[in-house]
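# Understanding the architecture of this molecule
Given next are the chains, with one letter for each unit.
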Amino acid sequence: MVDIIQHQDVTAIKGTVTYSSVTLQVYNFIVDGMLIDTNTIQLLDKLIPIYNKYPIDFVVITHAHEDHTGTANWVQNSLEVPIYINQMSIEESKREANYPQYRQLVWGIRKPFEAEPLPDVLQSRNYSWETIHTPGHAQDHMALYNIEKKLLFTGDLFVTPKPKVIMESESIPEMIQSLKKVLTYDFEEVFCCHTGYLPNGRLLLKQKLDYLLDLQENIVNIYQNGMTVGEIDQKLFPNTPPIAPFSRYDWDSRHIVTSVLKDR
Ligand SMILES: [Zn+2]
């Protein structure tokens, strides 16, 4: 299912995907002739009429995950517009999908596409955009800042204020640095790729930063008192959410602990 929600000149495209008993949301956005991310290939049939209706001059991808690159191949071949992504993901984008099976089941298998390196500053029809490297969720992750309207598009930097599980490839210390970096910009409103429009986005990003800083300090203190990674994980995160076994523990609270301790 796909819903359109208009927030002034930002068109938010809300995709909903259900797999087994799990329902997930992923957004992409059209603003001022720029398509930000391309949602999941599972929803291609529902996205095509939207892509044909709204003006799209070019595409910016926040990071190479399949729920952001799902329809990039279709957009490239059908609309013949350039696609920009972090330089480090250009090669990966050209290759066949290579990610764990549980992600292929939920988000489908994205097709290869050709991308160009994302510049530091972009111009759309009426606006200028600064691209901000914000690793942590993914190494290549970029946020987009609209200079005139003071809007921030955070890709997957926010998603939730209090993460209890992360993927093995994610890093809490890098997320902390990236949250600090975006908070140096002047904005209130945020567009998140999994929770949509957040009018109080600045406050939510600050809450996430505070939560992660507390968590980091806590983990280091407990570790210095002699607990093992497994014991710290049990103490701080006694519950196992369904995503953990479903993903074969690619998503796990333990990765929060290890990523903090690795950074010391
Ligand atoms: Zn992602």
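Before reading on, note that the structure itself is shown above.
Since the model is a prediction, treat every value here as computed from it, not as a measurement. (Residues numbered from 1 in each chain as written. Predicted model: local features only at pLDDT ≥ 70, side-chain atom pairs only at ≥ 80, totals over all residues.)

Before going further, it helps to spend a moment on the sheet that holds strand β8 (residues 121-123). Read from one edge to the other, the open sheet built from six strands follows the order β8-β9-β10-β11-β13-β14, with strand pairing classed as mixed. Whereas interior strands pair on both sides, the edge strands pair on one side only; in this sheet they are β8 and β14 (196-198). Taken pair by pair, the neighbouring strands of this sheet meet at an average axis angle of 25°, ignoring direction. Here strand β11 (residues 151-155) runs beside strand β13 (residues 189-192); their pairing, made up of four bridges, is parallel. Note on β13: the bridge partner recorded for Phe153 is Phe191. Seen against the sheet, helix α7 (residues 201-224) touches β11, β13 and β14 and runs at an angle of roughly 70° to β13. (Pairing = 2+ DSSP bridges. Helix = DSSP H or I, 4+ residues; strand = E, 2+ residues; numbered from the N terminus. Axes fitted to C-alpha atoms, helices over the stretch in contact; angles between N-to-C directions. Contact = placed C-beta atoms within 7 Å.)

Moving on: the sheet that holds strand β1 (residues 2-7). On the basis of which strands lie adjacent, the open sheet formed by seven strands has the order β1-β2-β3-β4-β5-β6-β7 and mixed pairing. Here the strands that pair on one side only, and so sit at the sheet edges, are β1 and β7 (116-117). Direction of pairing for strand β4 (residues 34-36) relative to strand β5 (residues 58-60): parallel, over a ladder of three bridges. Bridge pairing links Leu35 to Val59 in β5.

A few words now on the pairing of strand β2 (residues 10-19). Pairing of β1 with β2 involves six bridges; the strand directions are antiparallel. Pairing of Val2 across the sheet is with Gly15, part of β2. Between the end of β1 and the start of β2, which pair antiparallel, lie two residues, with Gln8 showing a positive phi angle near 50°. With 10 bridges connecting them, β2 and strand β3 (residues 22-31) associate as antiparallel partners. Among the inter-strand pairings, Ile13 is bridged to a residue of β3, identified as Asn28. Hairpin remark: β2 followed by β3, antiparallel, with two residues in the connecting loop; positive phi at Ser20, about 55°.

Of note, the phi angle at Gln8 is positive, near 50°, even though the residue is not glycine. Take Gln8: it is sitting in the loop between β1 and β2. On the basis of neighbour count, Gln8 is assigned to the exposed category, with 10 C-beta atoms found within 10 Å. A positive phi angle is found at Tyr249, which is not glycine, with a value near 65°. With respect to the secondary-structure elements, Tyr249 resides in the loop between α9 (243-246) and β15 (251-252). (Buried ≥ 20, exposed ≤ 12 C-beta atoms within 10 Å, placed from the backbone.)

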